[in-house]
Amino acid sequence: MNTNCLMLIICLLLASCSLCSARPHHFVDECGEKTIAILEIANSYPSGDIPLCDVTQNIRVAPVDGIVYRSPGDSNPIAHATHGTHAAPWYLAQAIRASGHYTADIEAADLVFVDDYCLYLQWLAHVHSFGVQKPSTFGSALYIAYSNMVASPRWQSKNGADFVFYDSHPGFRSGWAADNIMHLICDTFVNSTMLVVDRPMRSVCDTYRFSAMPKVLVTPYNPNSLGRSHLSQVELHPVRGLQERTGLIYSKATCHETANAGKAMRWYITEKVLKNATLEGLHVSGIDVSCTNAEYGGRYDTVEQMFESMSTSRFCLALPGDSASTRRLSEIMLAACIPVFVGPPYHSMPFHHSIDWAAAGVFFNISDYKSWLGTEFQWSLSTTQNVLTPNDAQWWSPDADISSSLINIVDAAEMVAHLRHMPQSIVEAKLRYIDKVRSRFMFATTLTTPPNAVNTILSEVCSLNKFTDQASQLGTY
């Protein structure tokens, strides 16, 4: 074949994109030829103690916070559980099945994704509706299913090292989960890969906290909550330029002056940014920051109002709440607003292995944190990098290395001047980077180009397991 003919064939292939587009939509490069099986734990180990499970039955999503309840546990339930804040595992399972990595042969698979979402969600809905004191059939069933899985030859062949779990709710630990399940999570599952929404979820376990190489990956929340199916197109919307951004700072969130550290910090910062800034004579135009609680005279924005405000503001506060993680960060990134992390304590930073958070966000370190962390605690960024205390907001430390990007201030009111005078070139650079990575915060039922959240999860899972596989072969893991 002569050179001209060969070039013609190459050009035709490129023009048709039949080869260019197939692999990105069906495979993740970091996974190579790895195969992934799905263990539907509710159906894989038949038992009279494990009830039939369906995510579309008896569960509804609350219209404000995206939390699941037993239907009709909320006065205005909408959509079904796959639109919930914690539905990310459901999307991941669907995307794996639709990918070229999927195999039905669980015995031969390189990785096994444990699909426990249905039992997990039914248990979570029960707890949200009735509290932890009322026994849950689904909680007991989940423990039985896990126990059967651990006893299987497939698990025991590698002691669970090639299994992947997804814990999408930060309360699924001590106080919310039965002690016997936490024993499995902390000890029996320690060799497995754990997908979580914040790192402190596994710091409750000494085995993870002191492990030299814990296989824990921090992922974002599912933003498809509140029936927001239209958000699947958010990444296609152009990022607004600075001339269209009339707002400076946006934040609407529940607060509480005397609640946990996250909610208390929200209240304090809101008061400082708004009221104290005004009293001190600072220019506060373009600041839309408030607590949404009725007792503080606040209210929730509608979905449309929230995204309009975010996309027309330069900066959006990313503050922790009841835990180190919130759904709000996913919404901030999809709306292409620059996230402002304020600590201590700090909001979780999903995908910190592949997202350069220093390029995307702004980071303030407040030295006067006694109002929400107490008067006796001494916080230090250098020490919290390696020390975690279970369920303690004092130790919600940054996932990413942001030490060189921190802006040290004494009081939250100082944030306004720093943000208002940030050079335009820096603001524009951050917006460009956010536009590059924001699709990774949208969950879809297939792999996509540009990559969505499930692409990124599989990429990081395969990279982490490749590294630990090599370490295991060398005897260093």
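Reference entry: report on the structure contained in this document.

Cut-offs and rules
- All residue numbers refer to position in the chain's written sequence, counted from 1.
- The model is predicted, so local features are restricted to residues of pLDDT at least 70 and side-chain atom pairs to those at 80 or more, both for listing and for counting; the totals for chains, interfaces and linings are taken over all residues.
- Side-chain measures here rest on the full set of heavy atoms in the structure, leaving out hydrogens and waters.
- Fitted lines through C-alpha atoms serve as axes, helices being fitted only where they are in contact, and the angles separating the N-to-C directions of these axes extend from 0 to 180 degrees.
- Labels follow the DSSP assignment, with helices taken as runs of H or I lasting at least four residues and strands as runs of E lasting at least two, numbered in each case from the N terminus.
- Each angle is binned into one of four classes, with values under 35 degrees roughly parallel, values over 145 roughly antiparallel, values of 65 to 115 roughly perpendicular, and all other values oblique.
- Left-handed describes a crossing whose near helix is turned anticlockwise from the far helix through less than a right angle; right-handed describes the clockwise counterpart.
- We call two residues contacting when some pair of their heavy atoms lies within 4.5 Å.
- Gly falls in the polar group here, along with every residue not listed as nonpolar (Ala, Val, Leu, Ile, Met, Phe, Trp, Tyr, Cys, Pro) or charged (Asp, Glu, Lys, Arg).
- Only rings of Phe, Tyr and Trp enter the pairing, Trp through its six-membered ring, and a pair is recorded when the two centres are within 6.5 Å. The plane angle decides the type: under 30 degrees is stacked, over 60 is edge-to-face, the rest tilted.
- The classification of residues rests on relative accessible area computed with a 1.4 Å probe and restricted to protein chains. Under 20% of the type maximum is buried, over 50% is exposed, and intermediate values are partly exposed.
- Whenever a pair of cysteine sulfur atoms sits within 2.5 Å, that pair is classed as a disulfide.
- Strand pairing is defined by DSSP finding a minimum of two bridges between the two strands.

1. Some points on the packing of helix H5 (residues 117-130) against helix H6 (residues 137-150)
Line of reasoning, step 1. Orientation of H5 relative to H6, taken along the N-to-C sense of each, is 150°, at an axis distance of 8 Å. Taken together, H5 and H6 sit at an angle that is classed as roughly antiparallel. As for how H5 packs across H6, the hand of that crossing is left-handed. Taken together, the residues of H6 that come into contact with H5 (itself represented by Leu-119, Tyr-120, Gln-122 and Trp-123) are Phe-138, Gly-139, Ala-141, Leu-142 and Ala-145.
Line of reasoning, step 2. Residue composition of the contact of H5 with H6, by class: 7 nonpolar, 2 polar and no charged.

2. Describing the packing of aromatic side chains
Line of reasoning, step 1. Evaluated as defined, the whole model comprises 13 aromatic pairs.
Line of reasoning, step 2. When the centroid spacing of 5.6 Å and the interplanar angle of 80° are considered together, the rings of Phe-341 and Trp-357 count as edge-to-face. Pair noted here: Phe-341 is in strand E11 (residues 338-343) and Trp-357 is in helix H14 (residues 357-360), with a separation of 16 residues, a long-range link. Here the two residues Phe-341 and Trp-357 agree in accessibility, since each one is buried.
Line of reasoning, step 3. One aromatic cluster is present, formed by Tyr-146, Trp-155, Phe-163, Phe-165 and Phe-189 through successive ring pairs.

3. Quick notes on the state of the cysteines
Line of reasoning, step 1. Using the criterion set out here, one finds 3 disulfides in the structure.
Line of reasoning, step 2. Residue Cys-255 pairs covalently with Cys-291 via a disulfide, S to S 2.2 Å. Sign of the S-S torsion, about -100° for the bond between Cys-255 and Cys-291, identifies this disulfide as left-handed. Here Cys-291 lies in strand E9 (residues 287-291) and Cys-255 lies in the loop between strand E8 (247-253) and helix H11 (261-279), a separation of 36 residues in the sequence.
Line of reasoning, step 3. Here Cys-316 pairs with Cys-337 through a disulfide, and the sulfurs are 2.2 Å apart. Note on the Cys-316 and Cys-337 pair: the S-S dihedral is about 100°, so by sign convention the disulfide is right-handed. Taken together, the positions of Cys-316 in strand E10 (residues 313-318) and Cys-337 in the loop between helix H13 (328-334) and E11 put the pair 21 residues apart, joining distant regions of the chain.

4. Some points on the pairing of strand E5 (residues 163-167)
The side chains of a regular strand alternate between both faces of the sheet.
Line of reasoning, step 1. The element E5 is extensively covered by neighbouring structure, given that 5 of its 5 residues are classed as buried.
Line of reasoning, step 2. Judged by which residues are buried, E5 turns out to be covered on both faces: Phe-163, Phe-165 and Asp-167 on one side and Val-164 and Tyr-166 on the other are all buried.
Line of reasoning, step 3. Strand direction decides the pairing type here: strand E4 (residues 111-115) and E5, joined by 2 bridges, are parallel. Within E5, the residue paired with Phe-113 across the bridge is Val-164.
Line of reasoning, step 4. Here 4 bridges tie E5 to strand E6 (residues 193-196), and the two strands are oriented parallel to one another. Bridge pairing in E6 links Asp-167 to Val-196.

None of this, on its own, says anything about what the molecule does.
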